[in-house]
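These are the residues of each chain, in order.
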Amino acid sequence: MTKLLSGAALALAGTLSLVGCGGSGSSSTPASPAGTSSTTPASTATAPADPAAAKAQITSVWVKFFNSGTSRAEAAGVLEDGDQLGAALKLAAKEDKASHLNRKAKVQLIRFISPTTASVTWTLLNGKTPLLPNASGQAVLVAGQWKVSKLTFCTLVELGNNNKPVPGCS
């Protein structure tokens, strides 16, 4: 997946604000300035019942999903509609393997849009080197578990596929 993602990073030169490819139907919000803390208090009207626990779970999911060492099955488990995105995950895994990068994610800011949707500002890294700094994505609550949104994954994988449709993302 990293070759796809790093290709997207180069094409966008750090100005990515994710837009939809399907999925939750919610629009993403632009990235916040670098250095903004992920402990910003959330409004009770838009936050889940336990914002601190939700932020911890979102961060954990993000780190797992965007890690080069995470298996396709594990990635599908933390991705919205992951069971329906097998072909897209396979394409991303193939490109990831070919890239030989040490992909990781660092979450910088989580802002709740609703009790079931959060805007995530994060950086995609190759080891310690930023590939996609201050990217914007979404996390969604599905059956009591926070997941990387289909919107986020599909946008990145399609950008890395030269803006061509990816199976399951259309």
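Since the model is a prediction, treat every value here as computed from it, not as a measurement.

Cut-off values and rules
- Residues numbered from 1 in each chain as written.
- Predicted model: local features only at pLDDT ≥ 70, side-chain atom pairs only at ≥ 80, totals over all residues.
- Heavy atoms only, no water.
- Helix = DSSP H or I, 4+ residues; strand = E, 2+ residues; numbered from the N terminus.
- Buried < 20%, exposed > 50% of the residue type's maximum accessible area, 1.4 Å probe, protein only.
- Contact = heavy atoms within 4.5 Å.
- Areas by Shrake-Rupley, 256 points an atom, 1.4 Å probe, with all protein chains shown as cover.
- Expected span 1.5 Å × (residues − 1).
- Arc of directions from axis to C-beta.
- Phe/Tyr/Trp six-rings, centres within 6.5 Å; stacked < 30°, edge-to-face > 60°.
- Pairing = 2+ DSSP bridges.
- Axes fitted to C-alpha atoms, helices over the stretch in contact; angles between N-to-C directions.
- pLDDT = per-residue confidence, 0-100.

1. Focus on the overall build of the chain
Now for step 1: Helix and strand counts for the chain stand at five helices and four strands.
Now for step 2: For the chain, the residues scored as buried account for 45% of the 170 residues in total.
Now for step 3: Long-range pairs, those at least 24 residues apart, make up 65% of the contacts in the chain between residues at least 6 apart in sequence.
Now for step 4: Summed over all atoms, the accessible surface of the chain reaches about 7,900 Å², with 55% contributed by carbon and sulfur.

2. A look at helix α4 (residues 86–99)
Now for step 1: Over its 14 residues, α4 runs 20 Å from end to end, which matches the ideal 20 Å to within 8%, given 1.5 Å per residue.
Now for step 2: Buried residues of α4: Ala88, Leu89, Ala92, Glu95, Asp96 and Ser99, and no others. Down the axis of α4, the smallest arc covering the buried residues is 130 degrees, so these residues share one side. Residues of α4 that are exposed and point more than 90 degrees away from the buried face comprise Lys90, Lys94 and Lys97.
Now for step 3: Remark: His100 follows α4 within two positions and exhibits a positive phi of approximately 60 degrees.

3. Regarding the packing of aromatic side chains
Now for step 1: In this structure the tally under the stated criterion is six aromatic pairs.
Now for step 2: Relative to Phe66, the ring of Trp62 has its centre 5.6 Å away and its plane inclined at 45 degrees; by these criteria the two rings are tilted.
Now for step 3: According to the relative accessible area criterion, Trp62 is buried, its value standing at 0%.
Now for step 4: Residue class for Phe66 comes out buried when judged on its relative accessible area of 0%.
Now for step 5: Note on Trp62 and Trp122: the rings are 5.8 Å apart at their centroids and 70 degrees apart in plane angle, and the pair reads as edge-to-face. Of the two residues, Trp62 is situated in helix α2 (residues 51–65) and Trp122 in strand β2 (residues 117–126); the sequence distance between them amounts to 60 residues. One exposure class covers both Trp62 and Trp122, and it is buried.
Now for step 6: Here the aromatic residues Trp62, Phe65, Phe66, Trp122 and Phe153 are joined through ring pairs into a cluster of three or more.

4. Considerations on the sheet that holds strand β1 (residues 103–114)
Now for step 1: The four strands are arranged β1-β2-β3-β4 in an open sheet whose pairing can be described as antiparallel. Two strands bound the open sheet, and with one partner strand each, they are β1 and β4 (145–148). Here the strands of the sheet are splayed against their neighbours by 30 degrees on average, with no regard to which way each runs.
Now for step 2: Each of β1, β2, β3 (129–142) and β4 is contacted by α2, which is oriented at about 145 degrees to β1, the strand it contacts most.

5. Quick notes on the pairing of β2
Now for step 1: Burial runs high along β2: nine of the 10 residues are buried.
Now for step 2: By the bridge criterion, 10 bridges tie β1 to β2 in an arrangement that is antiparallel. Each residue of the ladder has a partner; that of Arg111, found in β2, is Ser119.
Now for step 3: Counted along the chain from β2 to the antiparallel partner β3, the turn is two residues long, and its residue Gly127 has a positive phi close to 65 degrees.

6. Let's talk about helix α5 (residues 150–160)
Now for step 1: Burial of α5 is extensive: 10 of the 11 residues sit out of reach of the surface.
Now for step 2: Phi turns positive one or two residues past the end of α5, at Asn162, with a value near 55 degrees.

7. Focus: the confidence of the model for the chain
Now for step 1: A residue-level look at the chain finds 74% of positions with pLDDT of 70 or above and a mean pLDDT of 79.
Now for step 2: Per-element averaging of pLDDT across the chain places helix α1 (residues 2–12) at the bottom with 42 and β4 at the top with 98.
Now for step 3: Every residue in residues 2–43 scores below 50 in pLDDT, and together they form 95 contacts with partners more than four places removed in sequence or on other chains.

8. Considering the side chain of Thr70
Now for step 1: Mapped onto the secondary structure, Thr70 falls in the loop between α2 and α3 (72–77).
Now for step 2: Its relative accessible area of 18% is what places Thr70 among the buried residues.
Now for step 3: Ignoring sequence-local partners within four residues, the contact set of Thr70 consists of Lys64 and Ala75.

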